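The chain contents come next:
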2 protein chains.
Amino acid sequence: MTFTPLCPSPIQHHETVQMAHGAGGRLSQALMQRVFMPHLSNVFLDLLDDQAKLDLPPGRTAFTTDTYVVSPVFFPGGNIGELAVNGTVNDLSVGGARPLYLSAGFVLEEGFSLSDLERIVKSMAEAARKADVMIVTGDTKVVGRGQCDQIFINTSGIGIIREGSDLSCRNLQAGDTVILSGSVGDHGMAIMTSREGLSFQSRIKSDCAPLNAMISSLLDAVAGVHAMRDPTRGGVAATLNELAASSGKGIEIEESAIPVKGEVRGACELLGIDPLHVANEGKLIVCVPAAEAELAVEVMRQSEAGRDAVIIGSVVGDHPGMVVMRTPFGTRRIIDLPLGEQLPRIC
Amino acid sequence: MTFTPLCPSPIQHHETVQMAHGAGGRLSQALMQRVFMPHLSNVFLDLLDDQAKLDLPPGRTAFTTDTYVVSPVFFPGGNIGELAVNGTVNDLSVGGARPLYLSAGFVLEEGFSLSDLERIVKSMAEAARKADVMIVTGDTKVVGRGQCDQIFINTSGIGIIREGSDLSCRNLQAGDTVILSGSVGDHGMAIMTSREGLSFQSRIKSDCAPLNAMISSLLDAVAGVHAMRDPTRGGVAATLNELAASSGKGIEIEESAIPVKGEVRGACELLGIDPLHVANEGKLIVCVPAAEAELAVEVMRQSEAGRDAVIIGSVVGDHPGMVVMRTPFGTRRIIDLPLGEQLPRIC
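Quick caveat: nothing in here was measured; it's all calculated off a predicted structure.

### Quick notes on the overall build of chain A
Here's step 1: What chain A contains, in helices and strands, is eight helices and 14 strands.
Here's step 2: Its C-alpha atoms give chain A principal-axis dimensions of roughly 85 × 50 × 30 Å.
Here's step 3: Of all 347 residues assigned to chain A, the portion counted as buried reaches 61%.
Here's step 4: By sequence separation, contacts in chain A at least 24 residues apart represent 84% of the contacts at least 6 residues apart.
Here's step 5: Of the roughly 12700 Å² that chain A leaves accessible, carbon and sulfur atoms contribute 50%.
Here's step 6: Between the averaged position of the 28 positive side-chain charges in chain A and that of its 40 negative side-chain charges there is a distance of 2 Å.

Written out as structure tokens, the structure reads:
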């Protein structure tokens, strides 16, 4: 008997995602070969196994996951792919881990442009290179039109926690200094203004960036860092509240100390949103003993991601679990958790 | 100054998912406390940190990811939550790893029933207990109505590869025996018949199950296992083709040896679908040297998941990269990869 050779990949006839791209058959393979592998190829992914086999360096392992559903998919300063890599890199980093390996799980809507998908995948590859991590395993599902909004990306990540590191909200001590790595609200307002078509605000760009290099320098230089968090969903307000709630300590911040760019403040006022409630994607909140605060700020400022680092307040023994802000007029107000309706699909 | 105590959780007024449940604010916390933590609580998840910190046992680490978008969410024999746990457990297991830790990333559609969500989360907890793994980190996003179809779940997983294990499609040798752990097509046809409203086929139940216990027994007893795969999307046909393509060997199977339940065969005929193209979620294909095949089958049959294990064919030196099936009439046909349109959103 003779066998007909396999016909050439049928994907070349498609410019958009087809249901069959997600069904595990020949079109799934073709999508891998045409869109994913040219950008993401590495020794792990090239094996196309169901799992990556990794030799982790010694140390405790950090493991995290996040699904990204940001809308619009492309926004000033970044896109969903870059965000998905940086967000998971940062979630590992704030735990004191060196991010090493990422997974990528895609849900694609039938009809999504394959060239847009390729732009996104390319951004992921670039972000991974910049953050010095590898995307080692992945998955793609396709759903019908109207069953998802263009593209969702899950990234999970593995990192190795540096020896002796014990970062946790529960370490906070009254007297600790609270440091913020830069201006707040840039990511969220970049999304909101592009979504609302506020083109005069177009100078606002997302701060989407990897924090691992800055965090690594900081932990090298400052032994006593108690806790770190990246103020993403719910903004600085949510992160400070988590820190206060988990530690059972109070936090006091100075309104005048918190950097907010003029155009971000303007857009927030226009939309009636508190900048402290707006998501960031390249910012860090650090709690250190007061004696080490100046050094920490200095080290952070040497990194691109921490150029505008400032002290914004301190941990206090009063009002446990609560965050209080002192205004320039001398009054104080509670910074509560946002209820959350304001900014859907910000990340 | 005095502070007003925080008001009670507002989630009690909701029976469905609200946009605010995904925004990182107070409703997100309430969703965690009411729906997720009662079922998933463990020493890692209880910390509510951005990452789990794990002490992995020695050995190479396996890492995998899958997003589940199955429709309907509840199907005969299981639901999306159980599937999401078992699927990732199986992807680790077929690489020779002992599955240990899972992440869970949810995308929820606004308006999805909170009681359905709780049923799903409860199933995930039960499936995790059954497979002896822990869900240690998670994430929840909410998107608007019409922006996703009810619920998507990503699970990523970490396992430790057993010492000396080197399972890979590339290990296949001409002469190896190909074993299948049981009947094919159950999962896919359970989904299809419930989706198409073919109620007379209602005896068809998904085979969704964890394979790690059976695989562990098999690897304990049989030293020479060359490769294992779970034939999910694309069915047995896709998996055999992957094995053939990756190894550069040919595979020959006997049609009469492949177990297909009567009701599954009937539904396949009705819908014009080849059972070999239909997804399974609790089946295993194993390639072992012929000398160890009988022992392997015997060991597999001692597990619930492998009760109906049978030899279905062998690896051959002819027709490299191709899968050929011998029919009961003595003819031979190529088993090709499905193009893939037939069975969308099967997992």
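### Considering the interface of chain A and chain B
Interfaces are often described in size by the accessible area the parts lose on coming together.
Here's step 1: Listed as interface residues are 84 residues of chain A and, on the opposing side, 84 residues of chain B.
Here's step 2: Taken together, the connections running from chain A to chain B amount to 14 salt bridges.
Here's step 3: A:Asp139 is the salt-bridge partner of B:Arg233, the closest N and O atoms lying 2.9 Å from each other.
Here's step 4: If you list the elements that add at least two residues to the side of chain A that touches chain B, you get helix 1 (26-40), strand 1 (52-54), strand 2 (61-68), helix 2 (80-93), strand 5 (97-109), strand 6 (134-143), strand 7 (151-161) and strand 14 (332-334) of chain A.
Here's step 5: Top contributing element to the side of chain A that touches chain B by residue count: strand 6 of chain A, with eight residues.
Here's step 6: When grouped by side-chain class, the residues that make up the side of chain A that touches chain B number 40 nonpolar, 25 polar and 19 charged.

### Re the side chain of B:Ser181
Residues and elements named next belong to chain B.
Here's step 1: Looking at the secondary structure, you find Ser181 in the loop between strand 8 (177-180) and helix 4 (186-196).
Here's step 2: A polar side-chain atom of Ser181 sits 2.8 Å from the main-chain amide nitrogen of Leu284.
Here's step 3: Apart from the residues within four sequence positions on either side, Ser181 is in contact with Met214, Gly282, Lys283, Leu284, Met300, Ala305, Gly306, Arg307, Asp308 and Ala309.

### Description of the packing of aromatic side chains
Here's step 1: What the rule picks out here adds up to six aromatic pairs over all chains.
Here's step 2: Here A:Phe36 and A:Phe106 contribute two aromatic rings whose centre-to-centre distance is 4.8 Å and whose plane-to-plane angle is 55 degrees, an arrangement assigned as tilted. In this pair, A:Phe36 is assigned in helix 1 and A:Phe106 in strand 5, connecting sequence segments 70 residues apart.
Here's step 3: Assessed through its relative accessible area of 2%, A:Phe106 is described here as buried.
Here's step 4: The positively charged end of A:Arg119 is found above the aromatic ring belonging to A:Phe74, 3.8 Å away from the centroid.
Here's step 5: The cationic tip of B:Lys141 hangs over the ring face of A:Tyr68; the distance from NZ or CZ to the ring centre is 5.2 Å.

### Things to note about helix 4 of chain B
Residue and element names in this part refer to chain B.
Here's step 1: Of all eleven residues making up helix 4, eight are buried, and the element is well covered by its neighbours.
Here's step 2: Among the residues making up helix 4, those that are buried are Asp186, His187, Gly188, Met189, Ala190, Ile191, Met192 and Thr193.
Here's step 3: Buried residues along helix 4 sit against strand 3 (74-75), helix 2 (80-93) and helix 7 (262-271).
Here's step 4: After helix 4 finishes, the residue Gly197 shows a positive phi value of roughly 70 degrees.

### Brief notes about the pairing of strand 11 (residues 285-288) of chain B
All names here are of chain B.
Here's step 1: The side-chain alternation of strand 11 yields two buried faces, one formed by Ile285 and Cys287 and the other by Val286 and Val288.
Here's step 2: The sheet contact formed by strand 9 (residues 227-229) and strand 11 spans three bridges and is antiparallel. The partner of Met228 across the bridge, within strand 11, is Val286.

### Some words on the domain arrangement of chain A
Residues and elements named next belong to chain A.
Here's step 1: Domain annotation for chain A reports domain 1 (10-161) and domain 2 (169-334).
Here's step 2: Taken over C-alpha atoms, the centre of domain 1 sits 28 Å from the centre of domain 2.
Here's step 3: Residue-level contacts link 18 residues of domain 1 with 20 residues of domain 2.
Here's step 4: Taken over both partners, the interface formed by domain 1 and domain 2 buries close to 1600 Å², and the fraction arising from carbon and sulfur atoms is 61%.
Here's step 5: Our enumeration of links across domain 1 and domain 2 arrives at zero salt bridges.
Here's step 6: At the junction of domain 1 and domain 2, the tally comes to six residue pairs in polar contact (both at pLDDT 80 or more).
Here's step 7: Grouping the constituent residues of the side of domain 1 that touches domain 2 by class yields nine nonpolar, seven polar and two charged.

### What to know about the pattern of salt bridges
Oppositely charged side chains are able to pair whenever their charged atoms sit close together.
Residue and element names in this part refer to chain A.
Here's step 1: Taken as a whole and assessed by the stated rule, the structure comprises 38 salt bridges over all chains.
Here's step 2: Close ionic contact of Arg345 with Asp149 constitutes a salt bridge, the shortest N to O distance being 2.8 Å. Separated by 196 residues along the polypeptide, Arg345 in the segment after strand 14 and Asp149 in the loop between strand 6 and strand 7 bring together distant segments of the chain.
Here's step 3: Judged by relative accessible area, Arg345 falls into the buried class, the value being 8%.
Here's step 4: For Glu242, the salt bridge goes to Arg229, with nearest N and O atoms at 2.4 Å. Of the two residues, Glu242 sits in helix 6 (residues 235-247) while Arg229 sits in strand 9 (residues 227-229), which places them 13 residues apart along the sequence.
Here's step 5: With relative accessibility at 24%, the residue Glu242 sits in the partly exposed group.

### Concerning the pairing of strand 13 (residues 323-326) of chain A
Two faces belong to every sheet, and in a regular strand the side chains alternate between them.
Here's step 1: As paired strands, strand 10 (residues 250-254) of chain A and strand 13 of chain A are joined by four bridges and run parallel to one another. Note that in strand 13 of chain A the partner of A:Ile253 across the bridge is A:Met325.

### Focus: the sheet that holds strand 7 of chain A
Here's step 1: Strands sit in the order 6(A)-5(A)-7(A)-2(A)-1(B) across an open sheet of five strands; the sheet is mixed. With one partner strand each, in any of the chains shown, strand 6 of chain A together with strand 1 (52-54) of chain B form the two edges of the open sheet. When the angles between neighbouring strand axes are averaged without regard to direction, this sheet yields 20 degrees.
Here's step 2: For strand 2 of chain A and strand 7 of chain A, the ladder comprises eight bridges, and the chain directions are antiparallel. Directly across from A:Thr61, in strand 7 of chain A, lies its bridge partner A:Ile160.
Here's step 3: Along the sheet face, helix 2 of chain A touches strand 2, strand 5, strand 6 and strand 7 of chain A and points at about 30 degrees away from the line of strand 7 of chain A.
Here's step 4: Contacts between helix 3 (residues 114-131) of chain A and the sheet are confined to strand 5, strand 6 and strand 7 of chain A, with strand 7 of chain A contributing the most and set at about 10 degrees to the helix.

### Notes on the relation of the copies chain A and chain B
Here's step 1: Between chain A and chain B, which share one sequence, the superposing operator has a rotation angle of 180 degrees and an axial displacement of 0.0 Å; the RMSD is 0.0 Å. Such a combination of rotation and displacement between the chain copies is what one expects of a two-fold axis. Within chain A, A:Cys148 has its C-alpha nearest the rotation axis, a separation of 1.9 Å.

### Some details on the packing of helix 1 (residues 26-40) of chain B against helix 3 (residues 114-131) of chain B
Helix-helix packing is characterised by the crossing angle of the two axes and by the distance between the axes.
Residues and elements named next belong to chain B.
Here's step 1: As a packed pair, helix 1 and helix 3 sit with axes 8 Å apart at the nearest point and diverge in direction by 25 degrees. Comparing their axes, helix 3 and helix 1 come out roughly parallel. For helix 1 against helix 3, the interelement crossing comes out right-handed. Touching Leu31, Arg34, Val35, Phe36, His39 and Leu40 of helix 1 are Leu114, Leu117, Glu118, Val121, Lys122 and Ala125, all from helix 3.

Analysis parameters
- Residues numbered from 1 in each chain as written.
- Chains lettered and ligands numbered in written order.
- Predicted model: local features only at pLDDT ≥ 70, side-chain atom pairs only at ≥ 80, totals over all residues.
- Heavy atoms only, no water.
- Helix = DSSP H or I, 4+ residues; strand = E, 2+ residues; numbered from the N terminus.
- Buried < 20%, exposed > 50% of the residue type's maximum accessible area, 1.4 Å probe, protein only.
- Contact = heavy atoms within 4.5 Å.
- Areas by Shrake-Rupley, 256 points an atom, 1.4 Å probe, with all protein chains shown as cover.
- Lys, Arg positive; Asp, Glu negative; His and termini not counted.
- Charge placed at Lys NZ, Arg CZ, Asp CG, Glu CD.
- Salt bridge = Lys/Arg side-chain N within 4 Å of Asp/Glu carboxyl O.
- Nonpolar A, V, L, I, M, F, W, Y, C, P; charged D, E, K, R; others polar.
- Polar contact = N/O pair within 3.5 Å; in protein donor to acceptor, adjacent residues only side chain to side chain.
- Phe/Tyr/Trp six-rings, centres within 6.5 Å; stacked < 30°, edge-to-face > 60°.
- Lys NZ or Arg CZ within 6 Å of the ring centre and 35° of its normal.
- Pairing = 2+ DSSP bridges.
- Domains from an automatic or database assignment.
- Buried area = accessible area lost by both parts, 1.4 Å probe.
- Axes fitted to C-alpha atoms, helices over the stretch in contact; angles between N-to-C directions.
- Least-squares fit on C-alpha atoms with pLDDT ≥ 70 in both.
- Parallel < 35°, antiparallel > 145°, perpendicular 65-115°, else oblique.
- Left-handed = near helix turned anticlockwise from the far one by under 90°.

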